[in-house]
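# An overview of the molecular structure
Residues per chain, in single letters:
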Amino acid sequence: MPTWRLRDFHDDDLDRAIRMWEQDRQADDSYPVFPISEVMAAARAGGSAVVAVVGDDVVGMAVSRNEGERAWITLVALSDTWRNRGIGSALITELERRMRSQGVRRIGALLAPGATGTKALENSGYRSRSGLLYYEKAEHIAPSDAGLLAELGGRLLPPGLWSDLAGMEREKGTIERRIVLPLAEPALADRYGVIPPKAVILFGPPGTGKTSFAKAVASRLGWPFVELFPSRIAAAGSGSLATSLRENFADLAELESVLLFIDEVEEIAGTRSGLAVDPSHGVTNELLKLIPGFRDHDERLLICATNSVRSLDPAFLRPGRFDYVIPVGPPDSSARSAIWQRYLGPAADTVDLHQLVEASEMFTPADIEFAARKGAQAVFEREVAHRQGTRATTQDYLTAITDTRPTLTDQVLTEFNEDIQTYVRM
Ligand SMILES: Nc1ncnc2c1ncn2[C@@H]1O[C@H](COP(=O)(O)OP(=O)(O)O)[C@@H](O)[C@H]1O
Ligand SMILES: [Mg+2]
């Protein structure tokens, strides 16, 4: 019989550890207090994690979450064939050693009677306390998702983001029909042979609302919103950017539903940037390889946004990866009017909206938001100085417009229109 040994848990062990844990759970069919996603999140965020291995096989694992002097043992799992050999107690002893070095002085564990680990805990001097009840409340998303979501930096967005988007009727119409409706009504879509999209690209000048649209879609679907930041992925992973990208996608696969957003995707999928960021591993390639797997799951949508669709690697844009490539353009006058109204607040009653719309021709929604804020600030300051019940005037806002540098230029518009000819797919 080969012998086991103990060592620290590595990220590479994750798949084998989860498989072992699942088998273990089927064996003792108790309901764990800490779902595996929470266990892993805690292990990575300063907890302790030890595995027992035989060759390459993970046959046991113990994990704790440590908070100051208090620690919780969140997992003790043993492979079926390796029970009753003292592995459980050895794992706990190792875990305690690590906890102690972090200043832990009180260790608790919450286990169902007879669950894996109960014997090991008793043998290691833990005393069970009777007369306590464990209370729990699960929030809207599956409890197993909560920890993982937090770990991925994801969240559920409030409802109503869609209607917060003013104007932009053309974009709203396209995105609603092509993206939101088929995903929101998959059965109906299926009945009519409509294939819901799994991945789309939004492109357009900065500040036109690409990020806002991505969030609004998540808000309408009620799916958690996870944003992958190319820079953060690189910083968080110990290995290469490609490896962290792969790990992130693996974590995402555990979520029931998710809208994954990658902003400024040219940073990791640009013709040059892909190479510049990570010459040895080809992160663009990695992302290309990950997209098909992502597409295999239901209730998943990848939205990539870029200000520079022309600098994306052509391989990235080849059909089969992205269902739609959608422009999010500068607001026309009716969109500008709606956006001004959204941001004018009470001043909407006292200014000539038409003049503002005309004067802000080269403004993006973000520019309008900025100018509206500037105008309001000026009026407010005047009132603070004079206390005469100042009313906002058109001139206040025209001045604010003059003081705001428009994002759009002739060149930006020319390029955007060229890009529409070349890249749009919808
Ligand atoms: N249609 C819109 N109505 C109201 N505000 C908008 C609209 N589009 C964008 N904004 C505002 O403009 C700012 C920039 O939008 P954002 O979505 O970040 O643009 P992008 O991602 O295209 O650069 C945000 O503060 C957003 O609230
Ligand atoms: Mg953005």
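See the structure above.
Just so we're clear, the structure is a prediction, and the values are computed from it rather than from any experiment. (Residues numbered from 1 in each chain as written. Chains lettered and ligands numbered in written order. Predicted model: local features only at pLDDT ≥ 70, side-chain atom pairs only at ≥ 80, totals over all residues.)

Okay, the overall build of the protein next. Helix and strand counts for the protein stand at 20 helices and 10 strands. With respect to the principal axes defined by its C-alpha atoms, the protein has extents near 85 × 55 × 45 Å. For the protein, with 426 residues in total, the buried portion stands at 41%. Sequence separation of 24 or more characterises 76% of the internal contacts of the protein that already satisfy a separation of 6 or more. (Helix = DSSP H or I, 4+ residues; strand = E, 2+ residues; numbered from the N terminus. Buried ≥ 20, exposed ≤ 12 C-beta atoms within 10 Å, placed from the backbone. Contact = placed C-beta atoms within 7 Å.)

A sheet is described by the order of its strands in space; here five strands give the open sequence E1-E2-E3-E4-E5, paired in mixed fashion. If you trace the sheet from one side to the other, it starts and ends with strand E1 (5–8) and strand E5 (106–109), each paired once. In this sheet, adjacent strand axes meet at a mean angle of 25 degrees when their direction is disregarded. Judged from the four bridges that link them, E1 and strand E2 (residues 48–54) form a sheet pairing that is antiparallel. Of the residues in E2, the one forming a bridge with arginine 5 is valine 53. (Pairing = 2+ DSSP bridges. Axes fitted to C-alpha atoms, helices over the stretch in contact; angles between N-to-C directions.)

Now for the site of ligand 1. The local shell around ligand 1 holds 17 residues, among which Gly209, Lys210, Thr211, Ser212 and Pro365 are the closest. At the level of elements, helix H9 (210–221), helix H16 (333–344) and helix H18 (365–386) are the ones that each hand at least two residues to the shell around ligand 1. For the shell around ligand 1, the per-class residue count stands at eight nonpolar, six polar and three charged. In this structure, the shell around ligand 1 is formed jointly by two domains, domain 2 (151–329) and domain 3 (333–407), each of which donates at least three residues. (Near = placed C-beta within 6 Å. Nonpolar A, V, L, I, M, F, W, Y, C, P; charged D, E, K, R; others polar. Domains from an automatic or database assignment.)

Strand pairing in a sheet is mediated by backbone hydrogen bonds. Such pairs are either parallel or antiparallel. Read from one edge of the open sheet, five strands run E7-E8-E9-E6-E10, paired in parallel fashion. The open sheet has two free edges, formed respectively by strand E7 (225–228) and strand E10 (324–327), since each of these has just one partner strand. Strand-to-strand twist in this sheet, taken as the mean axis angle between neighbours without regard to direction, amounts to 20 degrees. Bridging between strand E6 (residues 199–203) and strand E9 (residues 300–306) involves five bridges; their strand directions are parallel. The residue bridging leucine 202 from the neighbouring strand is alanine 305, located in E9.

Another aspect to go through is the nonpolar core. If you look at the biggest cluster of nonpolar residues, it comprises 111 residues, and the most contacted ones within it are Met61, Ala62, Leu202, Val217, Leu259 and Ile303. When residues no more than four places from it in sequence are discounted, the contact partners of leucine 202 are Lys210, Phe213, Ala214, Ile303, Ala305, Ile326 and Val328. (Core = buried A, V, L, I, M, F, W, Y, C linked by C-beta atoms within 7 Å.)

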